[in-house]
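Observations on chain architecture
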Amino acid sequence: MKKGVMRPGHVQIRVLDIDEAVTHYRDLLGLIEMDRDEQGRVYLKGWTEVDKFSVVLRQADEPGMDFMGFKVLNDEVLKQLETDLVAYGCAVEHIAAGELDGCGRRIRFQAPTGHAFELYAEKEQTGKWGISKVNPEAWPRDLKGMKATRFDHCLLYGPDVNKTYELFRDVLGFDLAEQVVDPDGNRIAAFITSSMKAHDVAFIECPDPGKFHHASFFLETWEQVLRAGDLISMTNTSIDIGPTRHGLTHGQTIYFFDPSGNRNEVFCGGDCHYPDHEPVTWKAEDLGKAIFYHDRVLNERFLSVLT
């Protein structure tokens, strides 16, 4: 049952060197640098995104994800979801409007996996980059690098995946689009969505809480994914795997690392999910094919390199 959560709105990523990170996310990935704040954080967005930013980079002593935020329909929905979170037993933290530049008030809670999530209703809208709202052209002419269109989702590792899925389902109205189950029928991975996308956030069971696997960005075509692979090689960027296809969601993908060791994905395609669809199930013993459909085996980095 939908409860007014519209889409992933932002992710704040910790980086070891802000200048190196900006070069990576702006010049290679192709995000648009929108702002910098007094804390030294850098705000970026994909060119099709209407809101002011979707990625925030913060220099820190260790890499990883600080939090992921979801935009809700309006402040009335935000108030109701806060009430529902508290009733469910979640501690809710209030963050004042303006703490992130251009963003309204946020409420933050922690999932059983140990990750921090936020909900908010308002963010300054700057429009699609370089595209008019009236008679828009097909695309801006000054895009860089991979020309990422939008921040799409995160994959996160931590304990109690099933409890986390139940929280997102029962309180926030997310649907389970795909899952991985072990031979005993236990859910060890959940790909969940608040929209028609294959997933807006995904979780994989891991004993260590709060681990960040990757942030993913959408490209429009398989040719652009192949071009991203060329750019990764041209810039001597550390690559994880690809280009290849997923079994889960069927998206076409490539994984690589930012200079701090945070994993990124760019992908195209992928399945649609409607509320009346039954979840797609993959067996844990076939996880290699589920993740990397062509190779049918998992590389060790994909399972073990987390920030």
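Going by the structure above, here's the rest.
We now turn to the structure provided with this report. The model shown is predicted, which means the values in this text are computed figures rather than measured ones.

1. Section: the overall build of the protein chain
Tallying secondary structure elements over the protein chain gives six helices and 17 strands in all. In terms of overall size, the protein chain behaves like a compact globule, its C-alpha atoms giving a radius of gyration of 18 Å where 307 residues would be expected to give roughly 19 Å. Based on the C-alpha atoms only, the size of the protein chain along its principal axes is roughly 50 × 45 × 45 Å. Counting the 307 residues in the protein chain, one finds 54% classified as buried. Within the protein chain, counting contacts between residues at least 6 apart in sequence, those at least 24 apart form 68% of the total. Summed over its atoms, the accessible surface of the protein chain is roughly 13,500 Å², and 49% of this surface lies on carbon and sulfur atoms.

2. What to know about the pairing of strand 7 (residues 106–110)
Along strand 7, four of the five residues are buried, which leaves the element largely enclosed by surrounding structure. Strand direction decides the pairing type here: strand 6 (residues 93–95) and strand 7, joined by three bridges, are antiparallel. Residue pairing across strands places Glu93 opposite Arg108, the latter belonging to strand 7. Bridging between strand 7 and strand 8 (residues 116–120) involves five bridges; their strand directions are antiparallel. In the sheet register, Gln110 faces strand 8, and the bridge partner there is Ala116.

3. Observations concerning the packing of aromatic side chains
Across all of its chains, the model carries 12 aromatic pairs by this definition. A centroid spacing of 5.0 Å and a plane angle of 85 degrees characterise the contact between Phe168 and Phe174, whose relative ring orientation is edge-to-face. Phe174 matches Phe168 in its accessibility class, with the two residues each being buried. What links up through ring pairs into an aromatic cluster is the set Phe70, Phe109, Phe117, Phe168, Phe174 and Phe203. In this structure, Lys123 packs its charged tip against the face of Phe53, placed 3.9 Å from the ring centre. Lying over the aromatic face of Phe218, Arg150 brings its terminal NZ or CZ to 4.2 Å of the ring centre.

4. Things to note about the sheet that holds strand 11 (residues 187–193)
Taken in spatial order, the nine strands line up as 14-15-16-13-9-12-11-10-17 in an open sheet, and their pairing is mixed. The open sheet has two edge strands with one neighbour each: strand 14 (239–245) and strand 17 (280–283). The average angle at which neighbouring strand axes cross in this sheet is 15 degrees, direction not considered. Direction of pairing for strand 9 (residues 150–158) relative to strand 13 (residues 211–218): antiparallel, over a ladder of seven bridges. Bridge pairing links Leu155 to His214 in strand 13.

5. With respect to the sheet that holds strand 7
The eight strands are arranged 2-3-4-1-5-8-7-6 in an open sheet whose pairing can be described as mixed. Single-partner strands in this sheet number two, and they are strand 2 (32–36) and strand 6. Each neighbouring strand pair of the sheet contributes to a mean axis angle of 25 degrees, computed without reference to strand direction.

6. Comments concerning the pattern of salt bridges
By the definition in use, this model includes 22 salt bridges. In this structure, Arg14 and Asp66 form a salt bridge, with 3.0 Å as the shortest nitrogen-oxygen distance. Note that Arg14 is positioned in strand 1 (residues 5–15) and Asp66 in strand 5 (residues 64–72), a separation of 52 residues in sequence. The two residues Arg14 and Asp66 agree in class, both being buried. Between Asp27 and Arg26 there is a salt bridge; the shortest N-O distance is 2.8 Å. One network of salt bridges, with partners in common, ties together Asp37, Arg41, Glu99, Arg106, Arg108 and Glu118.

7. Things to note about helix 2 (residues 75–88)
Helix length check: helix 2, at 14 residues, gives a terminal C-alpha distance of 20 Å against a target of 20 Å (1.5 Å per residue), a fit within 8%. Looking only at helix 2, the buried set comprises Val77, Leu78, Leu81, Glu82 and Leu85. Seen end-on, helix 2 carries its buried residues on one side only, within an arc spanning 140 degrees. Relative to its buried face, helix 2 has exposed residues pointing more than 90 degrees away, namely Glu76 and Ala87. Where helix 2 is buried, its residues touch strand 1, strand 5, strand 6, strand 7, strand 8 and helix 3 (161–170). Immediately downstream of helix 2, the backbone of Gly89 shows phi near 105 degrees, a positive value.

What counts and what doesn't
- Residue positions are counted from 1 within each chain, in the order its sequence is given.
- Since the coordinates come from a predicted model, pLDDT governs what is reported: local features require at least 70, and pairs of side-chain atoms require 80 or more to be given and counted, while whole-chain, interface and lining totals use all residues.
- Only hydrogens and water are set aside when side-chain values are computed; all heavy atoms of the structure are taken into account.
- In this text, helices come from DSSP runs of H or I with a minimum length of four residues, and strands from runs of E with a minimum of two, each type numbered from the N-terminal end.
- We take the radius of gyration over the C-alpha atoms and set the globule estimate at 2.2 Å times the residue count to the 0.38 power.
- Burial status follows relative accessibility: with a 1.4 Å probe on protein chains alone, a residue under 20% of its type maximum counts as buried, one over 50% as exposed, and anything between as partly exposed.
- Working rule for contacts: check all heavy atoms of both residues, and any pair within 4.5 Å makes them a contact.
- Per-residue and other accessible areas follow the Shrake-Rupley method at a 1.4 Å probe size, with only the shown protein chains counted as cover for residues.
- For two strands to be treated as a pair, DSSP must find no fewer than two bridges joining them.
- Each Phe, Tyr or Trp ring (for Trp, its six-membered ring) is paired with any other whose centre lies within 6.5 Å, and the angle between the two planes then decides the class: stacked below 30 degrees, edge-to-face above 60, tilted in between.
- For a ring to carry a charge above it, either NZ of a lysine or CZ of an arginine must fall within 6 Å of the ring centroid while also lying within 35 degrees of the normal to the ring plane.
- Note on method: axes are straight lines fitted to C-alpha atoms, helices fitted across the in-contact stretch only, with angles between N-to-C directions ranging 0 to 180 degrees.
- In what follows, salt bridge is the name for a side-chain nitrogen of Lys or Arg lying within 4 Å of a carboxyl oxygen of Asp or Glu.
- Helix span, expected: 1.5 Å multiplied by one less than the number of residues in the helix.
- By arc we mean the arc of the directions from the helix axis to the C-beta atoms, nothing more.

Purely geometric stuff here, so don't read any function into it on its own.
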